[in-house]
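This is what each chain is made of:
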Amino acid sequence: MNAMHQYLFDTYRAAQHGERMPPAPGTHDVATLRALRDRRRFRAVLAGRPARGRLRTAAARLLRTRARPC
């Protein structure tokens, strides 16, 4: 059973019991990802690390170390 099947079952049950309909699958995905990004940035600032650009900086550092001749 996938998320859509479960949603349809929950919608049917809510209609039978006179309850509110559940949100459709994927409704809050973007808000969840933004909250996760904000939390990671906040924790980085508390730890004294840069909040942005960490991946690009790490990739540049990795490329610089590999570009050196052996």
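Please refer to the structure placed before this passage.
Keep in mind that this is a model prediction, so the values were computed, not measured.

1. Some remarks on the pattern of salt bridges
Here's step 1: Applying the stated criterion to the full structure yields two salt bridges.
Here's step 2: For Glu19, the salt bridge identified is with Arg13, shortest N-O distance 2.8 Å.
Here's step 3: The class of Arg13 is partly exposed, set by a relative accessible area of 39%.
Here's step 4: Put simply, Arg37 and Asp38 hold a salt bridge, and the shortest N to O gap is 3.6 Å.
Here's step 5: Look at Arg37 and you get partly exposed, because its relative accessible area is 40%.

Quick notes on the rules
- Here the residue numbers are simple positions, counted from 1 along each chain's written sequence.
- Totals for whole chains, interfaces and linings use every residue, but because this is a predicted model, local features are given only for residues with pLDDT of at least 70 and side-chain atom pairs only at 80 or more, for both listing and counting.
- Derived side-chain values reflect all non-hydrogen atoms in the structure, with water molecules and hydrogen atoms excluded from consideration.
- Each reported salt bridge corresponds to a side-chain nitrogen of Lys or Arg within 4 Å of a carboxyl oxygen of Asp or Glu.
- Any residue under 20% of the maximum accessible area for its type is buried, any over 50% is exposed, and the rest in between are partly exposed; the area is computed with a 1.4 Å probe on protein chains only.

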